[in-house]
Amino acid sequence: MGEAERGDTAPRQRVVFFCANGHETATVFAVEAAVPEAWDCPRCGLPTSTDVNNPPPPTKIEPYKTHLAYVKERRSEQEAAEILDEALQKLRARRARGEIIF
């Protein structure tokens, strides 16, 4: 199957993208297609741009947060102490009633 059966190919343009690690990625787009401002580098995954002298900086990767870290964002130390005291009072009351055996 060739051009005679499918018709002429669309005019194309070659666009080169650059990442912060110095990798070059050449991609072909149709001339009438809009060229994206950013592209992902297939070698390292960093964002790229067409500006060789000013590639986009690497994205900041947030470290994994534990459940405790999220709780500490929502509660102050005083609130946490109050909640802990309340929970301990309930536990001690259950132990006093014999519901919990240690």
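All of these numbers come straight from a predicted model, not from anything done at the bench. (Residues numbered from 1 in each chain as written. Predicted model: local features only at pLDDT ≥ 70, side-chain atom pairs only at ≥ 80, totals over all residues. Heavy atoms only, no water.)

In the UniProt entry, the feature "binding site: Zn(2+)" (unreviewed entry) is given for Cys19, His23, Cys41 and Cys44. Annotated residues spanning 26 residues; largest pairwise C-alpha distance 8.7 Å, indicating a single compact cluster. Mapped onto the secondary structure, Cys19 falls in strand S1 (residues 12-19). With relative accessibility at 2%, the residue Cys19 sits in the buried group. What Cys19 contacts, discounting residues up to four positions off in sequence, is Cys41, Cys44, Leu46, Pro47, Thr48 and Pro55. Within the secondary structure, His23 is located in the loop between S1 and strand S2 (24-30). For His23, a relative accessible area of 15% translates into the label buried. The contact partners of His23, leaving out residues within four places of it in the chain, are Phe17, Phe18, Cys41, Arg43 and Cys44. (UniProt positions renumbered as here; feature names shortened; annotations may be inferred. Helix = DSSP H or I, 4+ residues; strand = E, 2+ residues; numbered from the N terminus. Buried < 20%, exposed > 50% of the residue type's maximum accessible area, 1.4 Å probe, protein only. Contact = heavy atoms within 4.5 Å.)

What follows is about the packing of aromatic side chains. Inspection of every chain in the model, using the stated rule, returns three aromatic pairs. With a centroid separation of 6.4 Å and an interplanar angle of 75°, the aromatic rings of Phe17 and Phe29 are classed as edge-to-face. Taken together, the positions of Phe17 in strand S1 and Phe29 in strand S2 put the pair 12 residues apart, joining distant regions of the chain. We note that Phe17, like Phe29, is buried. Between Phe17 and Trp39, the aromatic rings sit 5.7 Å apart at their centres with planes inclined by 15°, giving stacked as the arrangement. In this pair, Phe17 is assigned in strand S1 and Trp39 in strand S3 (residues 39-40), connecting sequence segments 22 residues apart. By relative accessible area, Phe17 is classed as buried at 0%. Among the aromatic side chains, those forming a connected cluster through ring pairs are Phe17, Phe29 and Trp39. (Phe/Tyr/Trp six-rings, centres within 6.5 Å; stacked < 30°, edge-to-face > 60°.)

As a further point, take the sheet that holds S3. The strand order across the open sheet formed by four strands is S2-S1-S4-S3, and the pairing between neighbours is antiparallel. Each edge of the open sheet carries a strand with a single partner, namely S2 and S3. (Pairing = 2+ DSSP bridges.)

Structurally, Thr25 can be placed in strand S2. In contact with Thr25, not counting residues within four places along its chain, are Val15, Val16, Phe17, Trp39, Cys41 and Pro42.

Bridging between S1 and S2 involves seven bridges; their strand directions are antiparallel. Each bridged residue has a counterpart across the sheet, and for Val15 the counterpart in S2 is Thr27. Across two bridges, the pairing between S1 and strand S4 (residues 47-49) is antiparallel. Bridging across to S4, Cys19 finds its partner in Thr48.

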